[in-house]
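# Residue-level structure breakdown
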Amino acid sequence: MTIRPLVIAPDERLNIASTKVEVVDDSIRTLLNDMLETMYANDGIGLAAVQIGVHKRCVVVDVAVRDGGKEPMKFINPEIVKNSEAESVFAEGCLSFPDQYSDVVRPETVTVRYLDENGAEKTIEASGILATCLQHEIDHTNGIVFVDHISKMKRDIILRKLKKAKRFGLIEELPTHPTV
Ligand code: NI
């Protein structure tokens, strides 16, 4: 497994929708493993392939690491097939937006259909932080980032900070909260 460099905002690659995985083969399994290693190395709880510059619809998640556990989950071509009317708010961060957090409102519960690493079709119903995380990562596969859900004013502040941090080479710091 290899830790791959993260794509940090502002970066146009984050706004490009990823393509569907047609064949689940060893290259996809390697990609998913590299994504997990990259996510763990950066103290994240979720990562989409686009965040390492690969535009394939692949997502990894581990919400158990917040409590010191380890429960890696891999999703290929994940899509939301159902969501609740009830909403929840979570202060989201993102490995592509180091140290930037903002409240985002999303459906509280989602049902996600995906392929596992053997190419078998699966469905998962998620609530709580897993639901938030899956929606955040599926957004990534569609070229959408969490700041697209907040006001333009807040988004501009965050993007300006990151632009400045990148220019001055200050982006190396690891995030201090669980980030997706
Ligand atoms: Ni993210």
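As the structure is a prediction and not an experimental result, all values here were calculated from the model.

### Some thoughts on the overall build of the chain
Across its full length, the chain carries 3 helices and 7 strands. Beginning at the N terminus, the succession of helices and strands in the chain can be written as α-β-β-β-β-β-β-β-α-α. By its C-alpha atoms, the chain is 45 × 40 × 35 Å across when sized along the principal axes. Looking at the chain residue by residue over its 180 residues, the buried ones come to 47%. Summarising the internal contacts of the chain: among those between residues at least 6 apart in sequence, 67% fall at separations of at least 24. When the accessible surface of the chain is summed, it comes to about 9100 Å², and 49% of that surface belongs to carbon and sulfur atoms. The positive charge centre, built from 22 side chains, and the negative charge centre, built from 28, are 6 Å apart in the chain.

### What to know about the sheet that holds strand 6 (residues 109-115)
Spatially, 5 strands are ordered 1-2-3-6-7 in an open sheet, and the strand pairing comes out antiparallel. The open sheet has two free edges, formed respectively by strand 1 (46-48) and strand 7 (121-127), since each of these has just one partner strand. When strand polarity is set aside, the average angle formed by the axes of neighbouring strands in this sheet is 40°. One ladder, built from 5 bridges, connects strand 3 (residues 73-83) with strand 6; its direction is antiparallel. Bridging across to strand 6, Lys82 finds its partner in Thr111. Here helix 1 (residues 26-41) sits on the sheet and contacts strand 1, strand 2 (58-61) and strand 3; the angle it forms with strand 2, its principal contact strand, is near 40°. Here helix 2 (residues 128-141) sits on the sheet in contact with strand 1, strand 2, strand 3, strand 6 and strand 7, set at roughly 125° to strand 7.

### Notes on helix 3 (residues 152-167)
For helix 3, which comprises 16 residues, the first-to-last C-alpha distance of 22 Å matches the rise-based estimate of 22 Å (1.5 Å per residue) to within 8%. Within the sequence span of helix 3, burial applies to Arg155, Ile158, Leu162 and Ala165. Seen along its axis, helix 3 keeps its buried residues to an arc of 95°; they face one direction. Those residues of helix 3 that are exposed and aimed more than 90 degrees away from the buried face are Lys152, Met153, Arg160, Lys163 and Arg167. On the buried face of helix 3, the contacting elements are strand 5 (97-107). One or two positions beyond helix 3, positive phi appears at Gly169, with a value near 65°.

### Quick look at the confidence of the model for the chain
Confidence along the chain averages 94 in pLDDT terms, with 94% of residues attaining 70 or more. Note that residues 173-177 has pLDDT below 50 and, in this model, 13 contacts with residues that lie over four places away or in other chains.

### Here's the deal with the pairing of strand 7
As judged from the 7 bridges shared by strand 6 and strand 7, these two strands associate in the antiparallel manner. Counted as the bridge partner of Arg113 is Thr123 from strand 7. Where strand 6 folds back on strand 7, the antiparallel hairpin that results is connected by 5 residues, among which Gly119 adopts a positive phi of roughly 85°.

### Observations concerning the pairing of strand 5
In this sheet, strand 5 lies alongside strand 4 (residues 87-94) in antiparallel orientation, the contact comprising 7 bridges. Along strand 5, the bridge assignment pairs Glu87 with Pro107. Linking strand 4 to strand 5, which pair antiparallel, is a turn of 2 residues.

### Details of the pattern of salt bridges
Two side chains carrying opposite charge are able to pair once their charged atoms lie near each other. Within the structure shown, the criterion is met by 9 salt bridges. Note that Asp26 is salt-bridged to Arg29, the shortest N-O span being 3.1 Å. With Asp26 and Arg29 both in helix 1 and 3 residues apart, this pair spans about one turn of that helix. Judged by its relative accessible area of 54%, Asp26 is exposed. On the basis of relative accessibility, which here comes to 24%, the residue Arg29 falls in the partly exposed class. One salt bridge in this structure joins Asp139 and Arg106, with 3.1 Å as the shortest N-O distance. Placement of Asp139 in helix 2 and of Arg106 in strand 5 is noted, with a sequence separation of 33 residues between them. Each member of the pair, Asp139 together with Arg106, is buried.

How each quantity is defined
Every chain begins its residue count from 1, and numbering advances along the sequence as written. Side-chain atom pairs in this predicted model are given and counted only at pLDDT of 80 or more, local residue features only at pLDDT of at least 70, and totals for whole chains, interfaces and linings cover all residues. Side-chain numbers come from the whole structure's heavy atoms, not from hydrogens or water. Helix and strand definitions follow DSSP, with helices as H or I runs of at least four residues and strands as E runs of at least two, each counted in order from the N terminus. When a residue's accessible area, from a 1.4 Å probe over protein chains only, is under 20% of the maximum for its type it is buried; when over 50% it is exposed; and in between it is partly exposed. Contacts are residue-level and defined by heavy atoms, with any inter-residue pair within 4.5 Å sufficient. Accessible areas in this description were obtained via Shrake-Rupley with a 1.4 Å probe; residue shielding takes into account the shown protein chains only. Positive charges are assigned to Lys and Arg, negative charges to Asp and Glu, while His and the chain termini are left out of the count. In this description, the location of a charge corresponds to atom NZ of lysine, CZ of arginine, CG of aspartate or CD of glutamate. A pair of strands is labelled paired if DSSP reports no fewer than 2 bridges between them. Whenever a helix is involved, its axis is fitted only over the stretch in contact; in every case the axis is a line through C-alpha atoms, and angles between N-to-C directions fall within 0 to 180 degrees. An expected span of 1.5 Å times one less than the residue number is assigned to each helix. Taking the helix axis as origin, the arc is that swept by the directions to the C-beta atoms. Every residue is assigned a pLDDT by the predictor, reflecting its confidence on a scale from 0 to 100. Definition used for salt bridges: Asp or Glu carboxyl oxygen within 4 Å of a side-chain nitrogen of Lys or Arg.

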